[in-house]
Structure formats: C-alpha cells, structure tokens
Amino acid sequence: MDLQQEELLVKQACHKDANAFAQLYSSVYKDLYRFALYTLGNPEDAEDVVSDTVADAFATIHNLRSSSAFRPWIFRILTNKCKMILKSYSRRSAELDYDIQMPDRNYADIQDVRNAFAKLSSQERLILSLTVFAGYTNEEAAKLLHMKAGTLRSAKSRAMDKMEADLV
C-alpha cells in the first residue's frame, strides 16, 4: 500500500468507514502482532493486546491529526498497552515456545536468539521491540517511552551486548 492510498484510507476511516479501517489494519497487523509478541513473550497476551489496540484505534481514529501518521499512531497505542501489561507481570522468565515461520533459517539459532531475548528485562525487550521490530528510530522510541534519546541508546546497547554474550 503506498502512502497516498494509506492517507485516503485514513481519511475515510476517520469518518467511521469500517472497510477503510479494515484495509489499514490488514496492512499493519503482522507488524503489530510481531511487536507485541516479542515485547510480551506470550502469544495469547500478544493477540489480546493487538485486539484491544485495534478496537481503541477504530474508536478514536477521528482524533488522528495527520493522515500520514497512522502507523506511528497505532504503534503508540500498542506500545502503551504493552507497557501496562508488562507492569502487571510479576517477575518471570518466559521461554518463547512458539514458532514464527521464517524460510531458510536455522531454527536452533532462532531459538537461541529468542531465549536470549527472553532473558532481557521487560524495559530492554520493549526498547529492542520498538527499535528493531517496529522500526522506530532511537529518538522516536525514546519519545514514546518518555526517555532521553541518549539513555535509550545506552540501554539498547547494553541489551544488545547481553544478547550477544548469551549467543557466543
């Protein structure tokens, strides 16, 4: 979907056009789910938070100020919901025991990366999820998390170092 088509669909969705919103949703669903899954580490919670995000987004899309800002806006909703869920988790280590199909990959290596990711703190997983999986810049992610960009870069670097140490 190109930017002009997306902007047109956003304008239609702002007027409660369910078909337009469904098309927008279908263009971001996989990224939303992947982000939630890697952030929360639980497929059921990821499905639930994406569903809640979509429901809230549809209900409030008329508040979207710029038709070109749909993707960052819906990810901001998802990020806030994920942060609330992470706060509710008691300290636990969750193994990622699900499989996201990726062609031509070494599945043992993939599981090693998942396990290393699961060992990170919830804040570190959130930072990496925003910057690596959702494609936010460090500055955008810092703004979403109400952090200074330098602090986020340091935390991201430490998280990557931890994962690298686990993978060596």
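Heads up: these notes are all about the structure in this document. (Residues numbered from 1 in each chain as written. Predicted model: local features only at pLDDT ≥ 70, side-chain atom pairs only at ≥ 80, totals over all residues. Heavy atoms only, no water.)

### Digging into the overall build of the protein chain
Item 1. The secondary structure content of the protein chain amounts to eight helices and zero strands.
Item 2. Starting at the N terminus, the α and β elements of the protein chain follow one another as α-α-α-α-α-α-α-α.
Item 3. Per-residue burial over the protein chain gives 40% buried out of 168 residues.
Item 4. Taking all contacts inside the protein chain whose residues are at least 6 apart in sequence as the whole, residues at least 24 apart take part in 62%.
Item 5. When the accessible surface of the protein chain is split by element, carbon and sulfur atoms take 50% of a total near 9700 Å². (Helix = DSSP H or I, 4+ residues; strand = E, 2+ residues; numbered from the N terminus. Buried < 20%, exposed > 50% of the residue type's maximum accessible area, 1.4 Å probe, protein only. Contact = heavy atoms within 4.5 Å. Areas by Shrake-Rupley, 256 points an atom, 1.4 Å probe, with all protein chains shown as cover.)

### Considering the pattern of salt bridges
Item 1. In total, this model carries six salt bridges according to the counting rule given.
Item 2. In this structure, the salt-bridge partner of R153 is E139, at a minimum N-O distance of 3.1 Å. On the criterion of sequence distance, the pair formed by R153 in helix α8 (residues 149–167) and E139 in helix α7 (residues 138–144) is long-range, its members being 14 residues apart.
Item 3. Overall, E139 belongs to the partly exposed group, its relative accessible area being 47%.
Item 4. Through salt bridges with shared partners, a single network forms among D31, R34 and R71. (Salt bridge = Lys/Arg side-chain N within 4 Å of Asp/Glu carboxyl O.)

### Comments concerning the environment of F70
Item 1. Along the chain, the position of F70 falls in helix α4 (residues 70–88).
Item 2. Spatially, the C-alpha atoms of F70 and V10 are 7.1 Å apart, while their sequence positions differ by 60 residues.
Item 3. When sequence neighbours within four positions are dropped, the list of residues in contact with F70 reads E6, V10, F21, L24, V28, I61 and L64.

### Some points on the packing of α4 against helix α6 (residues 122–133)
Geometry of a packed helix pair, given as the angle between the helix axes and the separation of the axes.
Item 1. It is at 11 Å that the axes of α4 and α6 come closest, and there the two elements cross at 165 degrees. With respect to α6, the element α4 is oriented roughly antiparallel. The two elements α4 and α6 meet at a crossing, and its hand is right-handed. Between α4, through T79, K83 and L86, and α6, the contact on the second element is made entirely by S122, R125, L126 and L130.
Item 2. For the contact of α4 with α6, the class distribution of residues is three nonpolar, two polar and two charged. (Axes fitted to C-alpha atoms, helices over the stretch in contact; angles between N-to-C directions. Parallel < 35°, antiparallel > 145°, perpendicular 65-115°, else oblique. Left-handed = near helix turned anticlockwise from the far one by under 90°. Nonpolar A, V, L, I, M, F, W, Y, C, P; charged D, E, K, R; others polar.)

### Quick word on the nonpolar core
Item 1. By size, the foremost hydrophobic cluster in this structure holds 40 residues, and its most contacted members are F70 and L78.
Item 2. Elements with a contribution of two residues or more to this core: α1 (3–14), α2 (18–40), α3 (43–60), α4, α6, α7 and α8.
Item 3. Ranked by the residues each element gives to this core, the list is headed by α2, at 10 residues.
Item 4. Once residues within four sequence positions are removed from consideration, L78 is found in contact with L32, F35, A36, V49, V50 and T53.
Item 5. A116, F117, L128 and A159 belong to the second largest nonpolar core, which has seven residues in total. (Core = buried A, V, L, I, M, F, W, Y, C linked by side-chain atoms within 4.5 Å.)

### Describing α1
Item 1. An ideal rise of 1.5 Å per residue puts 16 Å on 12 residues; α1 measures up with 16 Å between its terminal C-alpha atoms.
Item 2. Of all the positions in α1, only E6, L9, V10 and A13 are classed as buried. Looking down the long axis of α1, one finds its buried residues gathered within 105 degrees of arc, a one-sided arrangement.
Item 3. Note on α1: the residue one or two positions beyond its end, K16, has a positive phi of about 65 degrees. (Expected span 1.5 Å × (residues − 1). Arc of directions from axis to C-beta.)

### A closer look at α8
Item 1. With 19 residues, α8 extends 27 Å from end C-alpha to end C-alpha; this agrees with the ideal 27 Å at 1.5 Å per step.
Item 2. Of all the residues in α8, the buried ones are L152, A155, A159 and M163. Looking straight down α8, one finds its buried side chains confined to an arc of 75 degrees; they lie on one side.

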